[in-house]
Amino acid sequence: MNELVFFINNVVVAGSVTGSIYAIGAVGVTLIFSIMRFAHFAHADMMTFGALMVLVLTTAFPEVGGAVGLPTAVVMLPLAMALTALLAVGIDKGFYKPLRAHGVKPIVMVIGSLGVALILQGLIRLFAGTRAQSLYIAERKEIFRLELPFESVTRPIIVTEPQVILFILTLAAVIGLHLFLNRTRTGKAMRAMSDNPDLARASGINTSRIVTITWIIAGGLAAVAGTLLSLDVAFKPDLSFFLLLPIFAAAIVGGVGHPYGAIAGGFVVGFAETLAVFNWAVLLRPLQQHFPDWLELPRNLAFVGTEYKIVVPFFILVAILVWRPTGIFKGKVI
Amino acid sequence: MNKPATAEQPSRFPLRELSLCLALAAAILAVYAIMGGAYSTRMLVEAACYAILALGLTIQWGYAGQFNAGVMGFVALGGVCAMTFSVPVNEAFWASELPFELGRVLLYALAAIVLVWGATRLDRLGVPKTLRTLIAVVLALLLYLVVISLLRGVTDEIESRVGFIGGLGLPTGVGWVVGGALAGGVGYFIGHICLGLRSDYLAIATLGIAEIIKAFLKNSDWLTRGTATVSPLPWPTPGPGELGFVMARSIYLVVTALIIAVIFFLLHRAYNAAWGRTIRAIRDNEISSAAMGKDVNRRRLQIFVLGCILMGIGGAALTSFNSIFDPQGYLPLNHTFLVLVMVILGGPGNNLGTIIGAVLVYLIWIMSEPLALYLMQLASSLGEGLGWVDPADMQSRALQARVLVIGLLITLVLRFAPKGLLPEKVKHHG
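Residues numbered from 1 in each chain as written. Chains lettered and ligands numbered in written order. Predicted model: local features only at pLDDT ≥ 70, side-chain atom pairs only at ≥ 80, totals over all residues. Heavy atoms only, no water.

Our working definition: UniProt positions are given in the numbering used here, feature names are shortened, and annotations may be inferred rather than shown by experiment.
As named in an unreviewed UniProt entry, chain B is Branched-chain amino acid ABC transporter permease, taken from Bisbaumannia pacifica. Here is the UniProt Subcellular location (unreviewed entry) comment for chain B, exactly as written: "Cell inner membrane".

As annotated in an unreviewed UniProt entry, chain A carries the name Branched-chain amino acid ABC transporter permease and comes from Bisbaumannia pacifica. Quoted verbatim from the Subcellular location (unreviewed entry) field of UniProt, the annotation for chain A is "Cell inner membrane". Per UniProt, chain A has the following entry under Sequence similarities (unreviewed entry): "Belongs to the binding-protein-dependent transport system permease family. LivHM subfamily."

1. Let's talk about the overall build of chain B
Formally: Helical segments are the DSSP runs of H or I of at least four residues, strand segments are the runs of E of at least two, and each set is numbered from the N terminus. Contacts: residue pairs with any heavy atoms within 4.5 Å of one another. Computed with a 1.4 Å probe, the accessible areas rest on the Shrake-Rupley method; for each residue, only the protein chains presented here act as cover. Under this rule, positive means Lys or Arg and negative means Asp or Glu; His and the chain ends count for nothing. All charge positions are set by atom: Lys at NZ, Arg at CZ, Asp at CG, Glu at CD.
Looking only at helices and strands, one finds 17 helices and zero strands in chain B. Contacts in chain B between residues far apart in sequence, at least 24 positions, make up 82% of those at least 6 positions apart. Surface exposure of chain B reaches about 20600 Å², of which carbon and sulfur atoms provide 69%. Computing the positive centroid from 30 side-chain charges and the negative centroid from 23, chain B places the two 14 Å apart.

2. Description of the interface of chain B and chain A
Frequently, the measure chosen for interface size is the accessible area that the parts lose on association. Keep this limit in mind: Here's the idea: put two parts together, see how much 1.4 Å probe accessible area each one loses, and the total over both is what we call buried area. The term salt bridge refers to a side-chain nitrogen of Lys or Arg lying within 4 Å of a carboxyl oxygen of Asp or Glu. Pairing of N or O atoms within 3.5 Å defines a polar contact, subject to two protein rules: one partner must be a possible hydrogen donor and the other a possible acceptor, and residues neighboring in sequence count only if both atoms are side-chain atoms.
Each side of the interface is counted separately: chain B has 50 residues, and chain A has 58 residues. Both sides of the chain B and chain A interface together cover about 4500 Å² of buried area, and 76% of this is carbon and sulfur. Run the count over chain B and chain A and you get zero salt bridges. Counting the contacts that link chain B with chain A gives five residue pairs in polar contact (both at pLDDT 80 or more). Elements represented by at least two residues in the side of chain B that touches chain A include exactly α6 (129–162), α7 (172–194), α8 (199–219), α15 (332–346) and α17 (394–416) of chain B. Counting residues per element, the side of chain B that touches chain A draws most heavily on α8 of chain B, which supplies 14 residues.

3. What about a positive patch on the surface?
Residue and element names in this part refer to chain A. Cut-off, in case you're wondering: Only residues whose relative accessible area exceeds 30% and that form no salt bridge enter a patch; like-charged residues are grouped when within 9 Å of one another, and nonpolar side chains (Val, Leu, Ile, Met, Phe, Trp, Tyr) when within 5 Å. Only protein chains enter the calculation, and the probe is 1.4 Å; a residue is then buried if its accessible area is under 20% of its type maximum, exposed if over 50%, and partly exposed in between.
Taken together, Arg183, Arg185, Lys188 and Arg191 make up a surface patch of like positive charges. It is helix α7 (residues 185–195) that contributes the most residues to the positive patch, three residues altogether. Position of Arg185 among the secondary structure elements: in helix α7. A relative accessible area of 77% means that Arg185 is categorised as exposed.

4. Points about the environment of Asp45 of chain A
All names here are of chain A. Mapped onto the fold, Asp45 is located in helix α2 (residues 43–60). Overall, the relative accessible area of 1% leaves Asp45 in the buried class. Expressed as a C-alpha distance, the spacing of Asp45 and Thr154, which sit 109 residues apart in the sequence, is 42 Å. Excluding its chain neighbours within four sequence positions, the residues that come into contact with Asp45 are Ala117, Leu120, Gln121, Ile124 and Ser240.

5. Re unusual backbone geometry
Of all residues except glycine, most have a negative phi; of all peptide bonds, most are trans. The residue after Ser231 of chain B, namely Pro232 of chain B, is reached through a cis peptide bond having omega -5°. Relative to the assigned elements, Pro232 of chain B resides in the loop between α9 (221–224) and α10 (240–243). Unusually for a residue other than glycine, Arg37 of chain A sits at a positive phi of about 65°. Inspection of the secondary structure puts Arg37 of chain A in the loop between α1 (2–36) and α2. A relative accessible area of 22% means that Arg37 of chain A is categorised as partly exposed. In this structure, Thr229 of chain B is a non-glycine residue whose phi angle is positive, near 60°. Residue classification places Thr229 of chain B among the buried positions, given a relative accessible area of 16%.

6. Looking at the side chain of Ser220 of chain B
Tracing the backbone through its elements, the reader meets Ser220 of chain B in the loop between α8 and α9. The class for Ser220 of chain B is buried, based on a relative accessible area of 2%. Aside from chain neighbours lying at most four places away, what touches Ser220 of chain B is Tyr308 of chain A together with Arg225 and Gly226 of chain B.

7. Details of the packing of helix α10 (residues 240–254) of chain A against α8 of chain B
Two measures define how a pair of helices packs: the angle their axes make with one another and the distance between the axes. Put simply, the rule reads: A fitted line through C-alpha atoms serves as each axis, taken over the contacting stretch for helices, and the angle formed by two N-to-C directions is quoted from 0 to 180°. Any angle that is under 35 degrees is reported as roughly parallel, and any over 145 degrees as roughly antiparallel; angles of 65 to 115 degrees are reported as roughly perpendicular and all others as oblique. Each helix crossing is assigned a hand: it is left-handed if the near helix lies turned anticlockwise from the far helix by less than a right angle, otherwise right-handed if that turn is clockwise.
At a minimum axis distance of 10 Å, the contact between α10 of chain A and α8 of chain B shows a crossing angle of 135°. Accordingly, the angle class assigned to the pair α10 of chain A and α8 of chain B is oblique. In the crossing of α10 of chain A with α8 of chain B, the sense of the turn from one axis to the other is left-handed. Facing Phe241, Phe242, Leu244, Leu245, Phe248 and Ile252 of chain A of α10 of chain A, the residues of α8 of chain B in contact are Tyr201, Ile204, Leu207, Gly208 and Glu211 of chain B.

8. Topic: the pattern of salt bridges
Inspection of the entire model under this criterion finds ten salt bridges over all chains. Close ionic contact of Arg100 of chain A with Asp92 of chain A constitutes a salt bridge, the shortest N to O distance being 3.2 Å. Taking the shortest distance from any N to any O, the salt bridge between Arg104 of chain B and Glu101 of chain B comes out at 3.5 Å. Taken together, the residues Arg104 of chain B and Glu101 of chain B, both in helix α5 (residues 98–120) and three residues apart, mark about one turn of the helix. Since its relative accessible area comes to 27%, Glu101 of chain B is described here as partly exposed.

9. Details of α2 of chain A
For the record, the criterion: The span you would expect from a helix comes to 1.5 Å times its residue count less one.
Here α2 of chain A is 18 residues long and its end C-alpha atoms lie 26 Å apart, about the 26 Å a rise of 1.5 Å per residue gives. Extensive coverage of α2 of chain A is indicated by the burial of 15 of its 18 residues.

10. A look at the packing of aromatic side chains
Keep this limit in mind: Here is the rule: rings of Phe, Tyr and Trp (six-membered ring for Trp) pair when centre to centre is within 6.5 Å. Planes less than 30 degrees apart are stacked, more than 60 are edge-to-face, and the remainder are tilted. In our convention, an over-ring charge means Lys NZ or Arg CZ found within 6 Å of a ring centre and within 35 degrees of that ring's normal.
Here the structure, examined in full by the defined rule, presents 17 aromatic pairs over all chains. Their ring planes at 90° and their centres at 5.4 Å tell us that Phe278 of chain A and Trp280 of chain A sit as a pair that is edge-to-face. Take Phe278 of chain A: its relative accessible area is 4%, and that puts it in the buried class. On the numbers, 5.0 Å between centres and 70° between planes, the contact of Phe93 of chain B with Trp94 of chain B is edge-to-face. Owing to a relative accessible area of 2%, Phe93 of chain B belongs among the buried residues under this scheme. Here a set of aromatic residues connected by ring pairs shows up, and it is made of Phe6, Phe7, Phe278 and Trp280 of chain A. Lying across the ring of Phe164 of chain B, Arg225 of chain B places its NZ or CZ 5.7 Å from the centre.

11. Observations concerning the side chain of Thr72 of chain A
All names here are of chain A. Topologically, Thr72 is positioned in helix α4 (residues 72–101). Taking the relative accessible area as the measure of exposure, Thr72 reaches 0% and is therefore buried. Contacts of Thr72, omitting those with residues within four sequence positions, involve Thr58, Phe61, Pro62, Val64, Gly65 and Glu139.

12. Some thoughts on the nonpolar core
Rules: To qualify as a nonpolar core, a set must consist of buried Ala, Val, Leu, Ile, Met, Phe, Trp, Tyr and Cys residues joined through side-chain atoms within 4.5 Å.
Grouped together as the largest cluster of nonpolar side chains are 205 residues, with contacts concentrated most on Phe41 and Trp215 of chain A together with Phe67 of chain B. Per-element accounting of this core gives the leading share, 16 residues, to helix α2 (residues 37–63) of chain B. Dropping the residues within four chain positions of it, Phe41 of chain A is found in contact with Val110, Ser113, Leu114, Ala117, Leu244 and Phe248 of chain A together with Ala203, Ile204 and Leu207 of chain B.

13. Here we look at the domain arrangement of chain B
What counts is decided by this rule: An automatic or database domain assignment is the source of the domain bounds shown.
In terms of domains, chain B is made up of domain 1 (35–85 + 169–383 + 393–416) and domain 2 (91–163). Using C-alpha coordinates to define each centre, domain 1 of chain B is positioned 33 Å away from domain 2 of chain B.

14. Notes on helix α6 (residues 161–183) of chain A
The end-to-end C-alpha distance of α6 of chain A, which contains 23 residues, comes to 33 Å, matching closely the 33 Å that a straight helix rising 1.5 Å per residue would cover. Within the sequence span of α6 of chain A, burial applies to Glu161, Pro162, Gln163, Ile165, Leu166, Thr170, Leu177 and Leu181 of chain A.

15. Notes on the packing of α6 of chain A against α7 of chain A
Residue and element names in this part refer to chain A. Inclusion rule: Nonpolar residues are Ala, Val, Leu, Ile, Met, Phe, Trp, Tyr, Cys and Pro. Charged residues are Asp, Glu, Lys and Arg, and all others, Gly as well, are polar.
Where α6 contacts α7, the two axes come as close as 5 Å, and the packing angle between them is 80°. One way to sum up the angle between α6 and α7 is to call them roughly perpendicular. Here α6 contributes Phe180, Leu181, Asn182 and Arg183 to the contact with α7, which in turn contributes Arg185, Thr186, Gly187, Lys188, Met190 and Arg191. For the contact of α6 with α7, the residue count by class is three nonpolar, three polar and four charged.

Following this line, the structure appears as structure tokens:
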């Protein structure tokens, strides 16, 4: 049964971790898509910026976390969220608003956001270098080993402290977003604007305020996603385009402009990635004795090697665009 | 004031074009004077290759409003074809039984594709559609696993015994043509999926395919030697060993300039022909051109594939000239965003503007590298006086300044000069 534990560690836990990160990123992308009607290519770099802010704050005050009983990086997260939200609003005022005022086509906005992505990338790597850095500076990563009460299982299920924090934060973000969109006036105005911007403006909704609020939420969520990713592994400044593809795939799978769809899409893409790189030979080997003699299991039975991980979100993207371009939840904007 | 509407515009003296060309010529001469003939000719050849790439992008973005964010992928495809066709034959590989093994696996792959295709047609035999889909998907997964494990076996064998499969030893020009064709084929695949949908999806998909092509070339050691790189690649013209650097590079420059001239002439004709007018009509108002009975998606696919073919040829010419095939040398910044800046700065939809933009931007780009390093050194020597220790990865950080500059250029041009230096001339009849 150790093989099953291996499966849980490598697919169930790892898949939910990547899934949550993609989900939080995709929610931001899909909100921007539904309010401003363009694919925001600078989102991955906004995530990196959020993580960098956490890194800077953690380096400045490494002892804060010990006083509260949490990793310092998590304590610094709200501040980093605020800073990233500020950056997002600033970018909108400086770069996107003039373009919008000219009434350009959405695709020009996309190119503009690519320019912004490059600016952010350049700035981040100019100041932070290109090396990977751990967010745990003064502390140690806590690792929980869950022993299973079965005779045949000798290996434990392994969950690390950042992963537990990640699950809690994802849940909090999803519930918070749900309450915001369904219960508050602003959230309802936001949904109205995503349905029909002209009608929303005619019925007295301040659309430029909604745009600002969208950027605040998207920036805050980007900081959360970037920090969680960096907590789980390490802060890497050069992920940009490798993160962008899964996040867009998640947003499109869930149906563009559909926050709950984006969350589902994030988990679909995350699990698809881990399932595709998982070596299935491990699970099949105990059954080897029941196979006929001519069927010999190869050593490596993964669908794609880890170096081709990026193929998976692309394949999902192509499949969804071919069969159901509106996404599984019927996005509003196609 | 009821003058008859004429197609002829009052011919304007092309002051803007002329002054830009003169300024560019002066800048090139200045580079020749400062950096010497060999260096400057190399720069001009590379700029010419980039001009081919930029022409490919200008017909996609300028003529048809399609944004291709994965120029790098098509460049790399052209490059790998140029490499595979021109590099000498690897005798050790062809003497062994490995070619047969590889061929057998490829045949299996073909058979698997036919089987899966057959499974998708099962509903014609009366199988329910859901069951057919299930059978097709399960069969595809199983056969894929079988083929991929066989392929892994053969490629591992190739890598450990003969290094890589080597080239075909054919003339370089063959590789360029096949590179263009291959890039066009991949472009057809992407365009076929995305062009009927929102324009953003094309950008996302091309960005993805570019990274996938690069990952494939980087990790397929049996095909490309991966990070070990392949060099030297033969030139289609006499190499520098026979004629010296300046002369050999000048002949190469003539070849690329000829390619540009042919492309320029054909594009100019096409732009003013019925085909070009249809393309621009679709770009400016899709609904009305569809209402006029134009096949919008077909025309879009044509122009996208055409652009990708040009990028493949340009990439092949660039890789051959560099004389080294290094999959890690294909960077989004150098091969996608630089080309984008060339197009939007030069004037999307204006071929002359695009070529001028390409040469101008490449000149600035090449000159900025020593400048960035010099500025960083200046900063760190200033910092030493203040007790600031510069980080160890200074060199790699200095290069990041160029990312910043390219990003700033894109956003600033979009905001303040959305039509570029030489705007597309739109004729108004009547």
